[in-house]
Amino acid sequence: AMRALAAPLTRVLAPPTRAYSRGPRSRARIAAMNTTKTPPHDGDVEPWYPIGTPGVPWTEAQREQWRASVEAPKRSHADEVLAKLEPLKSRYDVFKYGALPYDADDPERYPLLAVRTRGFDPSNGKPCVLVTGGVHGYETSGVQGAIRFLETKCEDFVHDFNVLVAPCVSPWGYERVQRWNARAVDPNRSFADRHADESKFLGALVDAQGVGTWMVHVDLHETTDTDETEFRPAKAARDGEYIAPDVIPDGFYTVGNSEDPKPDFQRDVIDAVSKVTHIAPSVDGKIIGEPVTQPGVINYPVRELGLCASVTNARYVTTTEVYPDSPKCTDDQCNDAQVAAVAAALTHVKRVEKI
């Protein structure tokens with residue numbers, strides 16, 4: 001999720017949850033877990049996280065304690081991602097661009113794969129497009145939506161665009177259903193200086209394509225209930241802060257680049273996705289605390305925040321945010337919403353740029 005978490009923080013909401021399946025049964029389990037009582041608190045301050053001392057940043061030992069607490073995989077990157085990329089080799093160039101160094105016994109345990117349209121060449125006259133998923137490993141439809149786009153829609157655009165897809169930027173996080181990487185670092189706040197392994201490898205991949213100016217970058221994300229119940233409390237504990245309660249948007253929205261928001265581009269993405277799933281309403285004119293510029297759209301300074309959306313100099317940039325915990329949508333609809341967003345982005349650019 002895109003929340004900047006830069007404002008002063010005042011209240012931890014609830015104990016963290018560990019749910020990762022998103023069927024009705026797991027939603028009920030999340031609801032039950034979120035009713036757990038928190039420890040005694042003083043006034044409206046309710047610190048709760050099982051690691052660290054409230055108000056005191058984590059030590060390195062506490063970061064290691066956090067990693068140990070989430071180390072057991074909950075799903076398989078090999079089965080759910082790598083196996084789905086294998087059949088695509090008959091249509092695209094599928095290649096490795098690195099491996100995350102999080103398993104000393106097996107340096108290849110977390111390979112990073114990219115998929116590129118055949119004949120990708122910045123000098124061939126076709127605009128270049130980047131699609132990224134799984135920068136936050138727990139955001140399932142970012143990964144599965146990127147793969148589904150390759151399976152179902154990408155070939156509709158190969159005559160007009162060079163397309164590069166990095167479907168799972170954070171495989172360690174994907175397996176553990178975690179926002180952070182193994183070092184308790186948020187990859188999606190690390191692109192300014194590429195200090196995380198995930199941003200370092202993805203940045204090197206982008207640089208290696210030799211593209212002068214990218215035309216489009218679509219970064220696929222989710223906003224989940226666990227943003228409030230686990231990941232924001234974890235960040236507050238790690239950084240020695242407190243968090244204020246916030247509202248999880250019930251529906252899809254996009255985040256544009258405040259330096260060049262491209263409102264018509266964002267609107268076409270929203271319109272296309274609205275045919276697949278519902279669009280998030282604003283609360284007091286805001287979504288996740290940011291002013292809504294049009295239905296379902298907010299803007300962030302992506303470069304200043306070091307977001308993945310800044311990894312290229314693309315002219316058209318959007319970050320998608322699916323809400324997978326809504327009773328109004330299924331996992332398939334979440335994946336299809338990501339596909340619709342990418343397809344709409346390319347269709348808009350093709351029309352506007354007369355490609």
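Residues numbered from 1 in each chain as written. Predicted model: local features only at pLDDT ≥ 70, side-chain atom pairs only at ≥ 80, totals over all residues. Heavy atoms only, no water.

1. A word on the overall build of the protein
- For the protein, the count of helices and strands is 9 helices and 10 strands.
- Looking at the protein as a whole, 55% of its 355 residues qualify as buried.
- The contacts of the protein with a sequence gap of at least 6 include a subset with a gap of at least 24, amounting to 78%.
- If you sum the accessible surface of the protein, you get close to 14,100 Å²; carbon and sulfur atoms cover 52% of it. (Helix = DSSP H or I, 4+ residues; strand = E, 2+ residues; numbered from the N terminus. Buried < 20%, exposed > 50% of the residue type's maximum accessible area, 1.4 Å probe, protein only. Contact = heavy atoms within 4.5 Å. Areas by Shrake-Rupley, 256 points an atom, 1.4 Å probe, with all protein chains shown as cover.)

2. Considerations on the nonpolar core
- Ranked by internal contacts, the top residues of the largest apolar core, which has 45 residues, are Trp-66, Tyr-97, Trp-172, Leu-202 and Trp-214.
- Going through the elements one at a time, α2 (60-70), β2 (111-117), β3 (128-133), β4 (162-166), α6 (197-208), α7 (226-239), β6 (253-257) and β9 (297-300) are the ones with two or more residues in this core.
- With 4 residues, α6 is the largest single contributor of residues to this core.
- Ignoring sequence-local partners within four residues, the contact set of Trp-172 consists of Trp-66, Arg-67, Val-70, Glu-71, Leu-100, Tyr-102, Tyr-110, Gln-178, Trp-180, Asn-181 and Ala-182. (Core = buried A, V, L, I, M, F, W, Y, C linked by side-chain atoms within 4.5 Å.)

3. A closer look at the environment of Val-206
- Its location among the elements puts Val-206 in helix α6.
- Expressed as a C-alpha distance, the spacing of Val-206 and Val-311, which sit 105 residues apart in the sequence, is 7.6 Å.
- Among all residues touching Val-206, those that are not within four sequence positions of it are Leu-130, Trp-214, Val-311 and Thr-312.

4. Some remarks on the sheet that holds strand β5 (residues 216-222)
- Taken in spatial order, the 8 strands line up as β1-β2-β4-β3-β5-β10-β6-β9 in an open sheet, and their pairing is mixed. Each edge of the open sheet is held by one strand with a lone partner, namely β1 (92-99) and β9. Taking each pair of neighbouring strands and ignoring which way they run, the sheet shows an average axis angle of 20 degrees.
- This element, α6, spans β1, β2, β3 and β4 of the sheet and lies at about 135 degrees to β1. (Pairing = 2+ DSSP bridges. Axes fitted to C-alpha atoms, helices over the stretch in contact; angles between N-to-C directions.)

5. Section: α2
- Of all the positions in α2, only Gln-62, Trp-66, Arg-67 and Val-70 are classed as buried. Down the axis of α2, the sector holding all buried residues measures 150 degrees, keeping them to one side. Opposite its buried face, α2 presents the exposed residues Glu-60, Ala-61 and Ala-68, each directed more than 90 degrees away.
- On its buried face, α2 sits against α5 (171-176). (Arc of directions from axis to C-beta.)

6. Here's the deal with the pattern of salt bridges
- Applying the stated criterion to the full structure yields 24 salt bridges.
- For Lys-96, the salt bridge identified is with Glu-108, shortest N-O distance 2.1 Å. Taken together, the positions of Lys-96 in strand β1 and Glu-108 in the loop between β1 and β2 put the pair 12 residues apart, joining distant regions of the chain.
- Its salt-bridge partner being Arg-351, residue Asp-268 comes within 2.7 Å of it at the nearest N-O pair. In this pair, Asp-268 sits in helix α8 (residues 263-273) while Arg-351 sits in helix α9 (residues 331-352), placing the two residues 83 residues apart along the sequence.
- We classify Arg-351 as exposed; its relative accessible area is 53%.
- Among the charged side chains, a network of salt bridges with common partners joins Arg-67, Glu-71, Arg-109, Glu-175 and Arg-176. (Salt bridge = Lys/Arg side-chain N within 4 Å of Asp/Glu carboxyl O.)

7. Topic: the packing of α8 against α9
- Here α8 crosses α9 at 140 degrees, and the two axes come no closer than 8 Å. In this view, α8 runs oblique relative to α9, as classed from their interaxial angle. The handedness of the crossing between α8 and α9 comes out as right-handed. Where α8 abuts α9, its residues Asp-264, Phe-265, Asp-268, Val-269, Ala-272 and Val-273 lie against Ala-337, Ala-340, Ala-341, Ala-344, Ala-345, His-348, Val-349 and Arg-351. (Parallel < 35°, antiparallel > 145°, perpendicular 65-115°, else oblique. Left-handed = near helix turned anticlockwise from the far one by under 90°.)

8. A closer look at the pairing of β5
- Of all 7 residues in β5, 7 are buried, a share of seventy percent or more.
- Here β3 runs beside β5; their pairing, made up of 5 bridges, is parallel. Note that in β5 the partner of Gly-133 across the bridge is Leu-220.
- As judged from the 7 bridges shared by β5 and strand β10 (residues 316-322), these two strands associate in the parallel manner.

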